[in-house]
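Chain by chain, the residues run as shown.
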Amino acid sequence: MEPVPGRRWQKVLYERQPFPDNYVDQRFLEELRKNVHARRYRYWAVVFQSGAVVQQLCSVCVFVVTWWYMDAGVLSPQGLFGAALVSSLLGYVLFDTVDGGAGRRESGRTRWADLKSTLVFAAFTYGFSPVLKTLTESISTDTIYAMSALMLLGHLIFFDYGANAAIVSSTLSLNMAIFASVCLASRLPRSLHAFVMVTFAMQIFALWPMLQKKLKAQTPQCYVGVTVLFALAALAGLATVSSVGAVLFASLLLAISCLCPYCLIRLQLLKDNIHGPWDEAEIKEDLSRFLM
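Source: prediction; values computed, not measured.

A. Geometry of the overall build of the chain. Counting its regular elements, the chain contains 10 helices and 2 strands. Against the globule reference of 19 Å for 292 residues, the chain gives a C-alpha radius of gyration of 28 Å, more extended than a compact globule. Principal-axis analysis of the C-alpha atoms gives the chain an extent of 95 × 50 × 45 Å. For the chain, contacts bridging at least 24 residues in sequence account for 70% of all contacts bridging at least 6.

The structure is reproduced here in structure tokens:
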């Protein structure tokens, strides 16, 4: 329908006008805006943020390779426990040194409390290790491997990489990783192996990410160096088990850390969100005074 001559259309609802309901004039597209809320990413900033994903993939790789060494008899539980204990002490000292103990003072937690928690966890895990060893005897080994792979995949999916999303659940992610470690530990030769394996899983899936987050926030350069060294260590360990697996895993890490950020930057150029007078109205005024 054509507009009525001699009358100018107004963008109001409280006045009757001689125009059809779907009529707009030539000024309609003057308020068109594109990509108002679009975020502009920088390539190296995205590469830096992808380090969290690389870290978790390497953690899963190191855990699986360590389990394979213990199952094959190449690595003794005493050796793994000693190496894990030394690395935990070094990480504990580094965790306090990075921020000068500011985080500990804010939380109010003492070193004595940390020591008690560690001893209680170690005592309970060691006491229940015979139960963990025989917990899945009635389940076939193929089923155990399938459940472990599924749980580790779920751990990677639900892990907190720093994104504010509904799917993120640190508790669920950690529980799935520990469940996978219990399943794999039950296939080791002795209960001591099961105890050391579950303890190592707690260190690499619970304590190691905490240290990485602290390094990422306080010393980004150190975080990048640790990430690269950890990835190289994971690749070296995997290469001793399977050279083909090491090549595929290296390709996956390169794709996540280099190719995916590049694709994200390129796709941002194609982003074309439009905003205009057809958008829903947003109340920006503070209306809390009306709730009194």
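Anyway, onward from the coordinates.
B. Quick look at a nonpolar patch on the surface. Together, Val120, Phe124, Phe128, Val131 and Leu135 make up an exposed nonpolar region whose accessible area comes to about 500 Å². Tracing the chain through its elements places phenylalanine 128 in helix H5 (residues 111–134).

C. Examining the pattern of salt bridges more closely. In this structure the tally under the stated criterion is 2 salt bridges. Across the pair aspartate 96 and arginine 111 runs a salt bridge whose closest N-O atoms are separated by 3.2 Å. With a gap of 15 residues between them, aspartate 96 in helix H3 (residues 77–98) and arginine 111 in helix H5 connect regions that are remote in the sequence. Judged by relative accessible area, which is 9%, aspartate 96 ranks as buried. Here aspartate 160 makes a salt bridge to lysine 213, at a shortest N to O gap of 3.7 Å. On the criterion of sequence distance, the pair formed by aspartate 160 in the loop between helix H6 (141–158) and helix H7 (170–185) and lysine 213 in helix H8 (residues 191–218) is long-range, its members being 53 residues apart. Classification of aspartate 160 as partly exposed rests on a relative accessible area of 22%. By relative accessible area, lysine 213 is classed as partly exposed at 43%.

D. Molecular detail of the packing of H6 against H7. At a minimum axis separation of 8 Å, H6 and H7 run at an interaxial angle of 160 degrees. Classified by the angle between their axes, H6 and H7 sit roughly antiparallel to one another. Crossing hand, H6 versus H7: left-handed. Only Ser170, Leu172, Ser173, Leu174, Met176, Ala177, Phe179, Ala180, Cys183 and Leu184 of H7 make contact with H6, whose side of the interface consists of Ile144, Tyr145, Met147, Ser148, Leu150, Met151, Leu152, Gly154, His155 and Phe158.

E. Region of interest: the layout of surface pockets. The computed volume of the largest pocket comes to approximately 1,700 Å³. Lining the largest pocket are 48 residues; nearest its centre among them are Ser87, Ser88, Leu89, Gln203 and Leu207. Of all elements in the fold, only helix H2 (51–72), H3, helix H4 (102–107), H5, H8 and helix H9 (220–241) reach the threshold of two or more residues within the lining of the largest pocket. Broken down by element, the lining of the largest pocket gets its largest block of residues, 13 residues, from H3. Residues belonging to the lining of the largest pocket are distributed by class as follows: 30 nonpolar, 11 polar and 7 charged. Of the volumes computed, that of the second largest pocket is approximately 410 Å³. In this structure, the second largest pocket is lined by 18 residues; those nearest its centre are Val60, Cys61, Val64, Val65 and Leu152. Tallying contributions element by element places H2 first for the lining of the second largest pocket, with 7 residues.

Conventions and cut-offs
Residues numbered from 1 in each chain as written. Predicted model: local features only at pLDDT ≥ 70, side-chain atom pairs only at ≥ 80, totals over all residues. Heavy atoms only, no water. Helix = DSSP H or I, 4+ residues; strand = E, 2+ residues; numbered from the N terminus. Rg over C-alpha atoms; globule rule 2.2 N^0.38 Å. Contact = heavy atoms within 4.5 Å. Patch = residues over 30% accessible without salt bridge, like charges linked within 9 Å, V, L, I, M, F, W, Y side chains within 5 Å. Areas by Shrake-Rupley, 256 points an atom, 1.4 Å probe, with all protein chains shown as cover. Salt bridge = Lys/Arg side-chain N within 4 Å of Asp/Glu carboxyl O. Buried < 20%, exposed > 50% of the residue type's maximum accessible area, 1.4 Å probe, protein only. Axes fitted to C-alpha atoms, helices over the stretch in contact; angles between N-to-C directions. Parallel < 35°, antiparallel > 145°, perpendicular 65-115°, else oblique. Left-handed = near helix turned anticlockwise from the far one by under 90°. 1 Å grid on protein atoms, 1.4 Å probe; cavity = no way out; pocket = protein on both sides within 12 Å on 5 of 7 lines; lining within 4 Å. Points joined across faces, edges and corners; volume = space filled by probe spheres on them. Nonpolar A, V, L, I, M, F, W, Y, C, P; charged D, E, K, R; others polar.

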